[in-house]
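Each chain, written out:
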Amino acid sequence: MPKINGNEIRPGNVLEHDGHLWSAVKVDHVKPGKGGAFAQVELRNLRNGSKLNERFRSADKVERVRLDQKDQQFLYETDGMLVFMDSETFEQIELPAEILGERRPFLQDGMTVHIEYYESEALNATLPQKVVCKVVETEPVVKGQTAANSFKPAILDNGVKVMVPPFVGPDEDIVVNTETMEYSERA
């Protein structure tokens, strides 16, 4: 595996540090008036989700890990486990529902999910960036309310609350960005 300098760490990089796998969440390059520059890195453990703040000098060498990425189809959920199928080998795997975190409600039957593996262990699952959802409940449209950037709350078919523009009504399909969990556009 390639070793990189401490100042080459970027958000999203997966590193092996102290015998664990970590994902760099936030990286700040600091140049104090006295002493050498360093990178202040916020790391998230890929196995248990714990966080760690670490300083890496430019002279420090860190092991960068390459993850294998596969697109797999979601089949069903059973006892808190999500069952996915590899679309090439038709092999089925089970992952805990917590792997998706707060984006879990956006997972739909048959959806293709991006799963990252280290050796044969699944570490991370990413939903498609945009998902189509149906608005179940929202306030009625008020005529003349055309103020710039006015949004109203809406409840989607999966139970998630998002803010939508005033022209969106109940039973309309909208596109939601799964990264920011915000309204994107009409479907």
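Quantities reported herein were computed from a predicted structural model and do not represent experimental measurements. (Residues numbered from 1 in each chain as written. Predicted model: local features only at pLDDT ≥ 70, side-chain atom pairs only at ≥ 80, totals over all residues. Heavy atoms only, no water.)

1. Regarding unusual backbone geometry
And then number 1: The backbone of Phe90 shows a phi angle near 60 degrees, a positive value even though the residue is not glycine.
And then number 2: As for its placement among the helices and strands, Phe90 is situated in the loop between β8 (81-86) and β9 (92-96).
And then number 3: For Phe90, a relative accessible area of 57% corresponds to the exposed category.
And then number 4: Non-glycine residue Asp171 carries a positive phi angle of around 65 degrees. (Helix = DSSP H or I, 4+ residues; strand = E, 2+ residues; numbered from the N terminus. Buried < 20%, exposed > 50% of the residue type's maximum accessible area, 1.4 Å probe, protein only.)

2. Digging into the environment of Asp68
And then number 1: Within the fold, Asp68 resides in strand β7 (residues 68-78).
And then number 2: For the pair Asp68 and Lys161, spaced 93 residues apart in the sequence, the C-alpha separation amounts to 34 Å.

3. Side note on the sheet that holds strand β4 (residues 38-45)
And then number 1: The six strands are arranged β1-β6-β2-β3-β4-β5 in an open sheet whose pairing can be described as antiparallel. Whereas interior strands pair on both sides, the edge strands pair on one side only; in this sheet they are β1 (3-5) and β5 (51-57). Between one strand axis and the next, the sheet turns by 50 degrees as a mean value, whatever way the strands run. (Pairing = 2+ DSSP bridges. Axes fitted to C-alpha atoms, helices over the stretch in contact; angles between N-to-C directions.)

4. With respect to the side chain of Gln72
And then number 1: Residue placement: Gln72 occurs in strand β7.
And then number 2: Classification of Gln72 by relative accessible area gives buried; the value is 2%.
And then number 3: Of note is the side chain of Gln72, whose polar atom sits 3.1 Å from the side chain of Tyr117.
And then number 4: What Gln72 contacts, discounting residues up to four positions off in sequence, is Phe84, Met85, Asp86, Ile93, Met111, Thr112, Val113, Ile115 and Tyr117. (Polar contact = N/O pair within 3.5 Å; in protein donor to acceptor, adjacent residues only side chain to side chain. Contact = heavy atoms within 4.5 Å.)

5. A word on the pairing of strand β16 (residues 182-186)
And then number 1: As paired strands, strand β15 (residues 173-177) and β16 are joined by four bridges and run antiparallel to one another. The partner of Asn177 across the bridge, within β16, is Glu182.
And then number 2: In this structure, the hairpin formed by β15 and β16 is closed by a connection of four residues, where Met181 is found at a positive phi of approximately 55 degrees.

6. Observations concerning the sheet that holds strand β12 (residues 130-138)
And then number 1: Here we have five strands laid out as an open sheet, ordered β14-β13-β12-β15-β16, and antiparallel in their pairing. Only two strands of the sheet have a single partner each, and these edge strands are β14 (161-164) and β16. Across the sheet, the mean angle from the axis of one strand to that of its neighbour is 55 degrees, orientation sign disregarded.

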